[in-house]
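Architecture and fold: a report
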Amino acid sequence: MIDKNKLPVHVGIIMDGNGRWAKQRMLPRVMGHNAGMEAMKKIVIAASNMGIKHLTVYAFSTENWKRSVEEVNGIFKLIVKYVNSELQELIDNNVHINILGEYDMLPQDSVEAIDKLLSSTAGDDGLTFNIALNYGGRDEIVKAVRALYEEKKNQEEQGVFIEITEDDISRYLYTGSANHDIPDPDLIIRTSGEERMSNFLVWQAAYSELMFTDTLWPDFTAEEFEQMVEKFTHRNRRFGGRKEEDK
Ligand code: IPE
Ligand code: IPE
Ligand code: MG
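Quick caveat: nothing in here was measured; it's all calculated off a predicted structure.

What to know about the side chain of His54
Secondary-structure assignment places His54 in strand 2 (residues 54–61). Exposure remark for His54: the relative accessible area of 9% places this residue in the buried category. Those residues in contact with His54, other than ones at most four positions away along the chain, are Val9, His10, Val11, Leu127, Thr128, Asn130, Ile182 and Pro183.

Concerning the sheet that holds strand 5 (residues 187–190)
Strand order in the open sheet formed by six strands is 3-4-2-1-5-6, with parallel pairing between adjacent strands. One side of each edge strand has no neighbouring strand; the edge strands of this open sheet are strand 3 (96–100) and strand 6 (209–212). Averaged over neighbouring strand pairs, the angle between their axes works out to 20 degrees when direction is ignored. Taken together, the four bridges between strand 1 (residues 10–14) and strand 5 define a ladder with parallel strand orientation. Its bridge partner being in strand 5, Ile14 is matched across the sheet by Arg190. Contacts from helix 3 (residues 69–92) reach strand 2, strand 3 and strand 4 (128–135) within the one sheet, and its direction differs from that of strand 2 by about 155 degrees.

Quick look at the site of ligand 2
Around ligand 2, the neighbouring residues are Ile14, Met15, Asp16, Tyr58, Ala59, Phe60, Asn64, Arg67, Arg190, Arg196 and Ser198. One of the side-chain N or O atoms of Arg196 is found 2.8 Å from an oxygen atom in ligand 2. For ligand 2, whose free accessible area comes to 390 Å², the fraction covered by protein is 77%. For the shell around ligand 2, the element with the most residues is strand 2, which contributes three residues. Tallied by class, the residues present in the shell around ligand 2 amount to five nonpolar, two polar and four charged.

Describing the pattern of salt bridges
Counted by the stated rule, this structure contains 16 salt bridges. For the salt bridge of Asp168 with Lys152, the shortest nitrogen-to-oxygen distance reads 3.1 Å. Here Lys152 lies in helix 5 (residues 137–157) and Asp168 lies in helix 6 (residues 166–171), a separation of 16 residues in the sequence. A relative accessible area of 9% places Asp168 in the buried class. Taken together, the shared-partner salt bridges in this structure form one network comprising Asp16, Arg20, Arg190, Glu194 and Arg196.

Here we look at the site of ligand 1
Around ligand 1, the structure places 13 residues, and the nearest of them are Asp16, Gly19, Arg20, Arg29 and Arg67. Within the contact set of ligand 1, an oxygen atom lies 2.7 Å away from a side-chain nitrogen or oxygen of Arg20. When contributions to the shell around ligand 1 are tallied by element, the ones reaching two or more residues are helix 1 (18–24), helix 2 (29–50) and helix 3. In terms of residue class, the shell around ligand 1 is built from three nonpolar, five polar and five charged.

A closer look at the pairing of strand 2
Of all eight residues making up strand 2, seven are buried, and the element is well covered by its neighbours. Alignment of strand 1 against strand 2, held across five bridges, turns out to be parallel. Looking across to strand 2, one finds that Val11 is bridged to Leu55. Two elements, strand 2 and strand 4, share seven bridges in a ladder whose sense is parallel. Across the sheet, residue Tyr58 finds its bridge partner in strand 4, namely Ala132.

Quick word on the nonpolar core
Side chains that are nonpolar tend, in soluble globular proteins, to be buried together. Within the largest apolar cluster, 50 residues are counted, with the highest numbers of intra-cluster contacts made by Ile13, Leu55, Phe129, Leu133, Ile189 and Phe225. Broken down by element, this core gets its largest block of residues, 10 residues, from helix 3. Phe225 has contacts with Val11, Ile13, Ile43, Ala46, Ala47, Met50, Ile52, Leu55, Ile189 and Phe220, leaving out every residue within four places of it along the chain. Tyr174, Ile182, Leu201 and Ala205 belong to the second-largest nonpolar core, a separate cluster that totals 11 residues.

Description of the packing of aromatic side chains
A full pass over the atoms with the stated rule returns 10 aromatic pairs. Relative to Phe76, the ring of Phe60 lies with its centre 5.0 Å away and its plane at 55 degrees, an arrangement referred to as tilted. Within this pair, whereas Phe60 is found in strand 2, its partner Phe76 is found in helix 3, the two being separated by 16 residues in sequence. Three or more aromatic residues joined by ring pairs make a cluster, and in this case those are Tyr58, Tyr135, Tyr174 and Phe200.

About the criteria used
Residues numbered from 1 in each chain as written. Chains lettered and ligands numbered in written order. Predicted model: local features only at pLDDT ≥ 70, side-chain atom pairs only at ≥ 80, totals over all residues. Heavy atoms only, no water. Helix = DSSP H or I, 4+ residues; strand = E, 2+ residues; numbered from the N terminus. Buried < 20%, exposed > 50% of the residue type's maximum accessible area, 1.4 Å probe, protein only. Contact = heavy atoms within 4.5 Å. Pairing = 2+ DSSP bridges. Axes fitted to C-alpha atoms, helices over the stretch in contact; angles between N-to-C directions. Near = heavy atom within 4 Å. Polar contact = N/O pair within 3.5 Å; in protein donor to acceptor, adjacent residues only side chain to side chain. Areas by Shrake-Rupley, 256 points an atom, 1.4 Å probe, with all protein chains shown as cover. Nonpolar A, V, L, I, M, F, W, Y, C, P; charged D, E, K, R; others polar. Salt bridge = Lys/Arg side-chain N within 4 Å of Asp/Glu carboxyl O. Core = buried A, V, L, I, M, F, W, Y, C linked by side-chain atoms within 4.5 Å. Phe/Tyr/Trp six-rings, centres within 6.5 Å; stacked < 30°, edge-to-face > 60°.

Below, the structure written as structure tokens:
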């Protein structure tokens, strides 16, 4: 049994291994992404049922544009499919959706599907499901610094003494209070055996617990997710300090 008091408030997932899953089956890569979307649907509902407050998945990175046009467009088409098939279930489960990243340069039908997804779930107060789409952690920090510069420049012009703090930068990230106001991730999971961040929530992950599994994303199940969350409840987080009993 999972100790509900120790649940991670925010779980991030780097959903990796769709391509290898497809390759193992001699299928086109897009079929791997389709299978990955099926896995994602189940994890969203599992997270919601477990009482996790925030779930962020890495769906498309600012670096994934390097892939073939065919693969990139295939991924974007899946967004339209996802919205058409899942919107009602998300609403029924009271799931609130945010996009982390700029999506206005996606194909028009994907942009429209996303706008519908956001507007239809805006009032929901259950699980916050954040989709990192055309997201890069460094790109996010650069955008935050630019926004902060505009704010501070105005203050300086008014003769106010300028100071820059960590909170100032955090505020303008997609997760910050000037945007979606999401706490830092407590737990970050990456599938497919790769053990790196690949530009996911680089600022916010400073003290996240990291977990890796060899399971390819399309094979990832609600059971494995629950096992990892359970393991998280036994982790000893110190944030640079010391445990009370050690002092
Ligand atoms: C993750 O699966 C999904 C995206 C990056 C969009 P990959 O497509 O990276 O799968 P592998 O790493 O090639 O197996
Ligand atoms: C990270 O996976 C991005 C997503 C899961 C969307 P990649 O497959 O793009 O990362 P690398 O290239 O292996 O680092
Ligand atoms: Mg990959």
